[in-house]
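Here is how the chains run, residue by residue.
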Amino acid sequence: RFDAVLFDLDGVLADTAHIHFAAWRRLAEELGIPLEPRFEDRLKGVDRMTSLDLILAHGNVERTVEERRVLADRKNGYYQAAIAEQSPDDLLPGARRVLEEVRAAGLKTALASASHNAPPLLDQLGIRPLIDAIANPAAVKAPKPAPDLFLEAARLVGVAPGRCLGVEDAVAGITSIKEAGMVAVGIGDPTILTRADHVVPAIADFHIGDYLG
Ligand code: B16
Ligand code: MG
């Protein structure tokens, strides 16, 4: 019943959440805002500008729209410098195998990541040839938890939403998949990813055969 699998990137195929967080933390320190480690979870799957707003609000710091744009760009520079060092060794265990199995089963693969840095990161990780389409977050109206990005990924591979499986680690992403009318596989904790149709602890536990019946 499925013709495509749509993957989130950070937290599903690569463990880049801590790289995003290190970049945010460096920026926050420069602004005199201490970020405790548990703040990392609040930024997962959240787009760049919203992440900055959460951090500024956390530190009770106000900035103009123009100043915020400069700050977001600075964080992005830190992030880009870090991902330039990534290699296939940084894929989460099982990620490449999952993409290969989905392809071998005759299904399309697509990426539905909020990250504008997804294309260069896929190159660094060596998995770009295994992905049929990359939804561009700049090309959709609303970020996750709206369904737009997953619907765009489905459109790019020419598959109806009802025949797509979405794979996500963040609550906002699972909501996005469900709002798109797709079946959601959560990566992580079922007590957190409550709207997911299935939850597995890690991408290494995902086997496409389990969903093809
Ligand atoms: P960028 P995902 C998300 O990726 C990250 O989880 C989130 O922490 C990040 O702020 C967002 O991408 C935007 O990334 O600044 O590179 O555009 O989980 O949707 O793959
Ligand atoms: Mg994610």
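Residues numbered from 1 in each chain as written. Chains lettered and ligands numbered in written order. Predicted model: local features only at pLDDT ≥ 70, side-chain atom pairs only at ≥ 80, totals over all residues. Heavy atoms only, no water.

Trainee: I tried to follow the overall build of the chain on my own but got confused; where do I start?
Mentor: Assigned secondary structure in the chain consists of nine helices and six strands. Here the C-alpha atoms of the chain give a radius of gyration of 17 Å, agreeing with the 17 Å that 2.2 N^0.38 yields for 213 residues. In terms of principal-axis extent, the alpha carbons of the chain reach across some 55 × 35 × 30 Å. For the chain, the residues scored as buried account for 47% of the 213 residues in total. Long-range contacts, defined as pairs at least 24 residues apart, comprise 60% of the intrachain contacts of the chain with a sequence gap of at least 6. Taken as two groups, the 23 positive and 31 negative side-chain charges of the chain have centres that lie 4 Å from each other. (Helix = DSSP H or I, 4+ residues; strand = E, 2+ residues; numbered from the N terminus. Rg over C-alpha atoms; globule rule 2.2 N^0.38 Å. Buried < 20%, exposed > 50% of the residue type's maximum accessible area, 1.4 Å probe, protein only. Contact = heavy atoms within 4.5 Å. Lys, Arg positive; Asp, Glu negative; His and termini not counted. Charge placed at Lys NZ, Arg CZ, Asp CG, Glu CD.)

Trainee: Before we go on, may I ask you to explain helix α5 (residues 95-104) in this structure?
Mentor: Owing to its 3.6 residues per turn, the α-helix brings residues three or four apart onto one side. Among the residues of α5, Ala-95, Val-98, Leu-99 and Val-102 are the ones counted as buried. For α5, the angular spread of the buried residues around the axis is 95°, confining them to a single face. Note on α5: the residue one or two positions beyond its end, Gly-106, has a positive phi of about 90°. (Arc of directions from axis to C-beta.)

Trainee: Teacher, can you tell me more about the pairing of strand β1 (residues 4-7) here?
Mentor: The side chains of a regular strand alternate between the sheet's two faces. Here β1 shows a buried face lined by Ala-4 and Leu-6 and a second buried face lined by Val-5 and Phe-7. Pairing of β1 with strand β2 (residues 108-111) involves four bridges; the strand directions are parallel. From the neighbouring strand, Phe-7 faces β2, where its bridge partner is Leu-111. (Pairing = 2+ DSSP bridges.)

Trainee: For this particular structure, what's the right way to read the site of ligand 1?
Mentor: Close to ligand 1 lie 17 residues, the nearest being Asp-8, Val-46, Ser-113, Ser-115 and Asn-117. For ligand 1, an oxygen atom lies 2.7 Å from a polar atom in the side chain of Asp-8. At 2.7 Å from an oxygen atom of ligand 1 is found a side-chain nitrogen or oxygen belonging to Asn-117. Across the complex, the protein chains shield 98% of the 470 Å² of accessible surface that ligand 1 would expose by itself. Among the residues making up the shell around ligand 1, the classes are represented as four nonpolar, seven polar and six charged. (Near = heavy atom within 4 Å. Polar contact = N/O pair within 3.5 Å; in protein donor to acceptor, adjacent residues only side chain to side chain. Areas by Shrake-Rupley, 256 points an atom, 1.4 Å probe, with all protein chains shown as cover. Nonpolar A, V, L, I, M, F, W, Y, C, P; charged D, E, K, R; others polar.)

Trainee: What am I meant to see in unusual backbone geometry here?
Mentor: Peptide bonds are, in most cases, trans, and in most cases residues other than glycine have a negative phi. Look at the link from Lys-144 to Pro-145: it is a cis peptide, with omega at 15°. One can find Pro-145 in the loop between β3 (133-134) and α7 (148-157). With a phi close to 55°, Asn-60 is a non-glycine residue in the positive phi region. Relative to the helices and strands, Asn-60 is located in the loop between α3 (48-58) and α4 (65-83). Looking at Asn-60, the relative accessible area reads 73%, which means it is exposed.

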